[in-house]
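# Coordinates in review
Each chain, letter by letter, is given below.
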Amino acid sequence: RLIKKIVGDDRFILVTAASHMPRAVALCKKQGLNPVPAPTGHLAKKHHGIYLRNLYPNSEGLYKFEIAIHEYMGFVWAKARRKL
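For the structure given in this document, a descriptive report is provided here. Quick caveat: nothing in here was measured; it's all calculated off a predicted structure.

Here we come to the overall build of the chain. For the chain, the helix and strand inventory stands at three helices and two strands. The secondary structure elements of the chain, listed N-terminal to C-terminal, are α-β-α-β-α. Whereas a compact globule of 84 residues would reach a radius of gyration of roughly 12 Å, the chain reaches 17 Å, over 25% beyond that. Overall, the C-alpha framework of the chain stretches about 50 × 30 × 15 Å when taken along its three principal axes. By the burial criterion, 18% of the 84 residues in the chain qualify as buried. Considering only intrachain contacts with a sequence separation of at least 6, the fraction spanning at least 24 residues in the chain is 50%. Looking at the chain as shown, the accessible area adds up to about 6900 Å², and 62% of this sits on carbon and sulfur atoms. Within the chain, the 5 negative side-chain charges are centred at a point lying 5 Å from the centre of the 15 positive side-chain charges.

Turning to helix 3 (residues 59-80), a few remarks are in order. Between its first and last C-alpha, helix 3 extends 31 Å over 22 residues, near the 32 Å set by a 1.5 Å rise per residue. Every buried residue belonging to helix 3 is among Ile67, Glu71, Gly74 and Ala78, and all of these are buried. The arc that holds every buried residue of helix 3, seen down its axis, measures 55°, which confines them to one face. Turned more than 90 degrees away from the buried face of helix 3, the exposed residues are Ser59, Leu62, Phe65, Glu66, Tyr72, Met73, Trp77, Lys79 and Ala80. Those residues of helix 3 hidden inside the fold are in contact with helix 2 (21-30). In the stretch just after helix 3, Arg82 is the one whose phi turns positive, near 60°.

This brings us to the pattern of salt bridges. Enumeration over the complete set of coordinates arrives at three salt bridges. Salt-bridge contacts for Lys4 lead to Asp9; the nearest nitrogen and oxygen are separated by 3.1 Å. Take Lys4: its relative accessible area is 26%, and that puts it in the partly exposed class. Between Lys64 and Glu60 there is a salt bridge, with the nearest N and O atoms lying 3.5 Å from each other. In this pair, Lys64 and Glu60 both sit in helix 3, four residues apart, roughly one turn of the helix. Relative accessible area serves as the criterion here: at 35%, Glu60 is assigned to the partly exposed category.

Basis of the calculations
- Residues numbered from 1 in each chain as written.
- Predicted model: local features only at pLDDT ≥ 70, side-chain atom pairs only at ≥ 80, totals over all residues.
- Heavy atoms only, no water.
- Helix = DSSP H or I, 4+ residues; strand = E, 2+ residues; numbered from the N terminus.
- Rg over C-alpha atoms; globule rule 2.2 N^0.38 Å.
- Buried < 20%, exposed > 50% of the residue type's maximum accessible area, 1.4 Å probe, protein only.
- Contact = heavy atoms within 4.5 Å.
- Areas by Shrake-Rupley, 256 points an atom, 1.4 Å probe, with all protein chains shown as cover.
- Lys, Arg positive; Asp, Glu negative; His and termini not counted.
- Charge placed at Lys NZ, Arg CZ, Asp CG, Glu CD.
- Expected span 1.5 Å × (residues − 1).
- Arc of directions from axis to C-beta.
- Salt bridge = Lys/Arg side-chain N within 4 Å of Asp/Glu carboxyl O.

Next comes the structure, spelled out in structure tokens:
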């Protein structure tokens, strides 16, 4: 809401974590802003094959799951508050 006074209808670069980007862009667009997404901190990795160890739970997978749940809940909360 506050950045609208600064940028008006101009496009601006929105920098945030890749996991937060969909929600951040949606919130900006709801306010009538025109963001240019510039995500950082990508969690996806390119794997060169399928390994048995990738089928077992690990702390990295738990971390990614936590981030995903946080973002989904953020969308639900924003919708409930009519921010999206």
